[in-house]
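Analysis of the macromolecular model
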Amino acid sequence: MPEAIQVSPAANVGAKPVAVTLRGLSKSFGDVVAVDGVDLDIYDGEFLTLLGPSGSGKTTVLRMIAGFELPTGGSVELNGHDVTNRAPFERDVNTVFQDYALFPHMTVAQNVEYGLRVKKVPKGERRQRALEALASVQLAGFEQRKPSEMSGGQRQRVALARALVNRPSVLLLDEPLGALDLKLREQMQVELKQLQRQVGITFIFVTHDQEEALTMSDRIAVFNAGRIEQVGTPADVYERPLTPFVAGFVGTSNLLQGTVAEKILGTSGVFSIRPEKIRIAKPLDRPSTGEHSAAGVVRDVVYVGAATRFVVDLEASGYLVALQQNLQTSSMDVLGMRGRQVQLIWRREHETAVG
Ligand code: ADP
Ligand code: MG
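Here's a quick rundown of the structure. (Residues numbered from 1 in each chain as written. Chains lettered and ligands numbered in written order. Predicted model: local features only at pLDDT ≥ 70, side-chain atom pairs only at ≥ 80, totals over all residues. Heavy atoms only, no water.)

**Looking at the sheet that holds strand 11 (residues 255–257)**
Taking strand neighbours across the sheet as the criterion, the 3 strands line up as 11-12-18 in an open arrangement whose pairing is antiparallel. Strand pairing shows two members of the sheet lacking a second neighbour, strand 11 and strand 18 (352–353), which therefore form its edges. Relative to strand 12 (residues 270–272), strand 11 runs antiparallel, the two being bridged by 3 bridges. Directly across from Gln-257, in strand 12, lies its bridge partner Val-270. Across the face of the sheet, helix 9 (residues 258–265) comes into contact with strand 11 and strand 12 while running at roughly 95 degrees to strand 11. (Pairing = 2+ DSSP bridges. Helix = DSSP H or I, 4+ residues; strand = E, 2+ residues; numbered from the N terminus. Contact = heavy atoms within 4.5 Å. Axes fitted to C-alpha atoms, helices over the stretch in contact; angles between N-to-C directions.)

**Observations concerning the site of ligand 1**
As a matter of local geometry, ligand 1 sits amid Phe-29, Val-32, Ala-34, Pro-53, Ser-54, Gly-55, Ser-56, Gly-57, Lys-58, Thr-59 and Thr-60. Gly-55 is positioned such that a nitrogen or oxygen atom in its backbone is 2.7 Å from an oxygen atom of ligand 1. A distance of 2.8 Å is found between an oxygen atom of ligand 1 and a side-chain nitrogen or oxygen belonging to Thr-59. For the shell around ligand 1, the elements supplying multiple residues, two or more each, are strand 2 (32–43) and helix 1 (58–66). Tallied by class, the residues present in the shell around ligand 1 amount to 4 nonpolar, 6 polar and 1 charged. (Near = heavy atom within 4 Å. Polar contact = N/O pair within 3.5 Å; in protein donor to acceptor, adjacent residues only side chain to side chain. Nonpolar A, V, L, I, M, F, W, Y, C, P; charged D, E, K, R; others polar.)

**Here we look at helix 2 (residues 108–118)**
For an α-helix, the turn length of 3.6 residues means that residues three or four places apart are oriented alike. Every buried residue belonging to helix 2 is among Val-108, Ala-109, Asn-111, Val-112, Glu-113, Gly-115 and Leu-116, and all of these are buried. Structurally, helix 2 contributes buried residues whose contacts are with helix 3 (123–136) and helix 4 (152–164). Taken from the residues just after helix 2, Lys-120 is the one with a positive phi, measuring 65 degrees. (Buried < 20%, exposed > 50% of the residue type's maximum accessible area, 1.4 Å probe, protein only.)

**With respect to the environment of Ala-353**
Within the element layout of this structure, Ala-353 appears in strand 18. Taking relative accessible area as the criterion, Ala-353 reaches 52% and is therefore assigned exposed. Taking C-alpha positions, Ala-353 is 9.6 Å from Leu-256, a pair spaced 97 residues apart along the chain. Here Ala-353 is in contact with Pro-241, Val-270 and Phe-271, once residues within four sequence places are set aside.

What follows is the structure, given as structure tokens:
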């Protein structure tokens with residue numbers, strides 16, 4: 001019988017196609033362990049965010065996927081091929097950086113065409129693809145400008161077009177909105193997400209901003225000290241954080257633990273309760289079935305327009321933060337709450353064990 005490599009079609013049934021696979025990925029710089037054994041599958045067409053504080057290893061992971069940095073351990077696979085030791089130009093990925101890295105002396109069109117010129121794509125096709133890429137980021141008509149004649153948001157769009165024109169299977173984005181002011185940043189978050197859906201390219205997006213991650217991502221990988229603490233949908237990591245770090249970094253840290261947890265919840269362990277799940281009631285109000293409560297005194301009131309944040313010192317020691325929508329109340333009403341005795345009440349199902 002002839003030797004043949006059989007690829008069984010049944011083997012892959014039900015599995016989503018994987019664009020990027022990281023296995024035991026590690027990187028040390030001298031004594032500094034920047035990335036410490038990262039395992040991650042990123043699916044085809046997915047918007048995946050690496051979220052974590054500064055120095056947690058996000059950029060180093062991205063640079064290893066791009067090939068700008070060689071791992072000290074582990075492997076990188078792109079579309080099923082091991083590319084761990086391949087040069088950047090041999091990988092079907094493109095990177096968009098925070099500082100855009102546009103060529104100042106070239107026009108917008110020349111900047112966008114640059115990669116195609118290097119690849120010796122004929123002039124007519126180059127022009128055509130550059131026009132399409134610029135149109136996809138809403139910059140039709142800006143072809144002849146210089147980067148210096150554009151706003152920060154427009155320059156970031158040029159940088160995106162320059163990456164998209166290569167039609168990579170994976171686009172890497174390292175804090176691409178970090179230099180923009182809040183309004184523009186929020187607008188670009190929505191546009192970028194729409195663009196990703198439209199082009200269907202796998203996006204691996206780096207940010208330290210939890211709201212940005214929650215807004216844009218299909219899934220989020222939460223980084224802490226070179227490791228992934230949790231991977232999940234925005235709802236997963238926000239509503240069901242697996243560790244105290246994730247509970248604190250994604251959203252407000254609102255933990256009950258030790259003797260306080262025993263007194264209030266009747267169990268030991270560490271529990272997270274999201275501020276918007278806590279209701280502020282009168283001191284003598286009692287919890288109904290399926291609820292827990294804690295008595296306390298309002299230490300601080302922060303009026304934030306649509307909502308108010310209350311910091312409540314608990315009788316049992318420690319504090320909890322509660323967030324209430326300003327449905328009926330004015331700023332005067334809520335600010336008058338400072339120093340008052342209250343009862344905090346929440347549903348038991350909103351307590352999440354985090355360790
Ligand atoms: P992040 O992008 O999450 O802020 P980085 O991946 O840039 O984190 O860095 C992770 C850690 O590795 C940090 O402690 C950083 O100082 C260190 N590091 C990154 N690049 C280098 C380098 N080229 N040389 C030495 N240390 C580095
Ligand atoms: Mg970084």
